[in-house]
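So the chains spell out like this:
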Amino acid sequence: MIKHEKYSLTQRDKKVLKATIDEFITLNQPVGSKFLKEQYTFRFSPATIRNILSKLESYNLLTHIYTSSGRTPTNQGYRYYVDKFDSKFSSHLIHVYNNHFKKLESLSSNVDLLMESTATLLSKITKLFGLVMLSGIEKSVLINIELIHIYSERILVILALKSGLIKNIVLNLKCDIKKKEINKITELLNEKLLGLTLNEINESIKGRLKESDIYHHEIVQILIEHPSINETKEEQPVIYTSNIHELLKQPEFQEASVIRQTLEALDSEQFQSCFTPFIDDDNGFTLIGDEHEFDLMDHCSIVSSPFRGEQLMGQLAIVGPTRIPYHQIKKTLNYLAEVISCVC
């Protein structure tokens, strides 16, 4: 991250920088000294504002396309803006959000629907791409196991967790299995594993089943060695996303090449790696432009806020262009995270 101490900015410099970025976020147009003088009650001349803008550009906080054009923020400028400034949050927005959030409370019994609806609501409110990341799944407690014979040589194992999540595992067998055997294995698995977390199952499943008469059965052996059981110590986050329609309405996403790049990025496995290192961050995270080191996403920012309920925890996040109202979005995420923490 950038060390802001290297910038020798006066209070006057900071006011001009914040005003420039505020206006660019709102208007999506380069901001000039004359415009700033007209819109703000600065007690200094347009010439002084021009000098300040030049100074801010020398620090790579602002840039410009043409010699006579106004300024636009750089990624470093946005980073300074996020870290050093704040913005007021309209109480009217809180009232509007409450109408939406009450609907989420009614979905608390269905985790998948709750998280999908939350991602969609985030997108609707922010006009960006919304997502919910659930972490700590390996700490979820198992409350039921069901084995379903879906094909002659295939078994579907359904793990129901106390958090409300359902985990499905498909086992490919070498021979057909009788229903009586499946029922017997299901009964024993429930007897031995219920009440344990996925981590505890990972660590002790062999010992718990070893003395049983079904230990060497093909289903049990394949289940024990299956990655979903055998590698749960560091479960990848479970991710729920909105559709991309709202994001593609943003001016930055009107060119076909940018749309293709964005769609490719969001569909890539590497997209998840952008935020996985920050998934347990207690304060959430803001990644601007190339800060996440994923080239396909260097035209985007990701902002998140953590939530922690009785059964589930994770991050709410949005993906958008670098030109977004960071402070308002962060406060929206924080507010919604409080709601989700109460209902899950």
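The following paragraphs examine the structure supplied in this document.

Calculation criteria
Once a new chain begins, its residue numbering starts again from 1 and follows that chain's sequence as written. Totals for whole chains, interfaces and linings use every residue, but because this is a predicted model, local features are given only for residues with pLDDT of at least 70 and side-chain atom pairs only at 80 or more, for both listing and counting. With hydrogens and water excluded, all non-hydrogen atoms of the structure serve as input to the side-chain values. Each helix is a run of H or I in the DSSP string that is no shorter than four residues. Each strand is a run of E no shorter than two, and both are numbered from the N terminus. Note on method: radius of gyration uses C-alpha positions; expected globular size equals 2.2 Å times residues raised to 0.38. Burial status follows relative accessibility: with a 1.4 Å probe on protein chains alone, a residue under 20% of its type maximum counts as buried, one over 50% as exposed, and anything between as partly exposed. The criterion used for residue contact is that any of the two residues' heavy atoms lie within 4.5 Å. Using the Shrake-Rupley algorithm and a 1.4 Å probe, accessible areas are obtained, with residue cover drawn only from the displayed protein chains. Counted charges follow a simple rule, with Lys and Arg positive, Asp and Glu negative, and His plus the chain ends left uncounted. In plain terms, the charge of a residue is placed at NZ if it is Lys, CZ if Arg, CG if Asp and CD if Glu. A side-chain nitrogen of Lys or Arg and a carboxyl oxygen of Asp or Glu constitute a salt bridge if their distance falls within 4 Å. Pairs of strands are assigned from DSSP output, requiring at least two bridges between the strands. Think of each axis as a best-fit line through the C-alpha atoms, taken over the contacting stretch in the case of a helix, with angles from 0 to 180 degrees between the N-to-C directions. To count toward a patch, a residue needs a relative accessible area above 30% and no salt bridge. Like charges then connect within 9 Å, nonpolar side chains (Val, Leu, Ile, Met, Phe, Trp, Tyr) within 5 Å.

## Thoughts on the overall build of the chain
Summing up its helical and strand segments, the chain has 13 helices and ten strands in all. Taking 2.2 N^0.38 as the reference for a compact globule, 344 residues should give roughly 20 Å; the C-alpha atoms of the chain span a radius of gyration of 26 Å, well beyond that estimate. Oriented by its inertia axes, the alpha-carbon framework of the chain measures out at about 90 × 40 × 35 Å. Taking all 344 residues of the chain together, the buried fraction comes to 49%. Sequence-distant contacts in the chain: of pairs separated by 6 or more residues, those separated by 24 or more amount to 62%. When the accessible area of the chain is evaluated, it comes to approximately 17900 Å², of which 48% is carbon and sulfur surface. When the 39 positive and 43 negative side-chain charges of the chain are each reduced to one mean point, those points stand 8 Å apart.

## Considering the pattern of salt bridges
A full pass over the atoms with the stated rule returns ten salt bridges. Lysine 184 serves as the salt-bridge partner of aspartate 213, at 3.1 Å between the closest nitrogen and oxygen. Linking aspartate 213 in the loop between α8 (198-209) and α9 (218-225) with lysine 184 in helix α7 (residues 179-193), this pair joins segments that are 29 residues apart in sequence. Aspartate 213 sits in the exposed class, given a relative accessible area of 63%. Notably, a salt bridge pairs lysine 206 with glutamate 225, separated by 3.3 Å at the nearest N-O pair. Placement of lysine 206 in helix α8 and of glutamate 225 in helix α9 is noted, with a sequence separation of 19 residues between them. A relative accessible area of 40% means that lysine 206 is categorised as partly exposed. The partly exposed category is assigned to glutamate 225, whose relative accessible area is 43%. Counted as one network, the salt bridges with shared partners bring together Arg79, Asp83 and Glu291.

## Considerations on the sheet that holds strand β9 (residues 300-308)
Read across the open sheet, the five strands follow the order β7-β3-β10-β9-β8; overall the sheet is antiparallel. Lying at the two open borders of the sheet, with one neighbouring strand each, are β7 (238-241) and β8 (286-288). Going across the sheet, the axis of each strand differs from the next one's by a mean of 20°, ignoring polarity. Of the strand pairs in this sheet, strand β3 (residues 129-135) and β7 are connected by four bridges, and their pairing is antiparallel. Paired with leucine 131 across the two strands is threonine 241, which belongs to β7. In the packing of helix α6 (residues 111-126) onto the sheet, the strands contacted are β3, β7, β9 and β10 (313-321), and the crossing angle to β3 comes to about 145°.

## Describing the sheet that holds strand β5 (residues 154-161)
Spatial strand order, β4-β5-β6: three strands in an open sheet with antiparallel pairing. Taken across any chain shown, the strands that pair with only one partner, and hence form the sheet edges, are β4 (142-151) and β6 (166-172). Geometrically, the sheet is characterised by an average inter-axis angle of 20° between neighbouring strands, direction not taken into account. Relative to β5, β4 runs antiparallel, the two being bridged by eight bridges. The residue of β5 that forms the bridge with histidine 149 is isoleucine 155. Strands in contact with α7 are β4 and β5; relative to β4, the strand with the most contacts, it is inclined by about 160°. Packed onto the sheet, α9 meets β4, β5 and β6 and runs at close to 125° relative to β6.

## Here's the deal with unusual backbone geometry
Even without a glycine there, the phi angle at asparagine 28 is positive, about 55°. Its place among the elements puts asparagine 28 in the loop between α1 (11-27) and α2 (33-39). Its identity is not glycine, yet asparagine 60 carries a phi of approximately 65°, on the positive side. When you line up the elements, asparagine 60 lands in the loop between α3 (46-58) and β1 (62-63).

## Observations concerning the environment of leucine 173
Structurally, the position occupied by leucine 173 is in the loop between β6 and α7. Given a relative accessible area of 7%, leucine 173 falls into the buried group. Linking leucine 173 and isoleucine 155, residues 18 residues apart in sequence, is a C-alpha distance of 7.7 Å. Non-local contacts of leucine 173, meaning those with residues more than four positions away in its chain, are made with Glu153, Ile155, Glu218, Ile219 and Ile222.

## Some words on a nonpolar patch on the surface
Together, Ile148, Ile150, Tyr151 and Val170 give the surface a local cluster of nonpolar side chains, amounting to about 330 Å² of exposed area. Turning to its location among the elements, isoleucine 148 is positioned in strand β4.

## Digging into the pairing of β10
Most of β10 sits out of view: nine of its nine residues are buried. Sheet analysis places β3 next to β10, joined by seven bridges and oriented antiparallel. What sits directly across from leucine 131, in β10, is alanine 317. In the sheet, β9 pairs with β10 via nine bridges, with the strands oriented antiparallel. Bridging across to β10, serine 305 finds its partner in leucine 316.

By themselves these figures say nothing about function.
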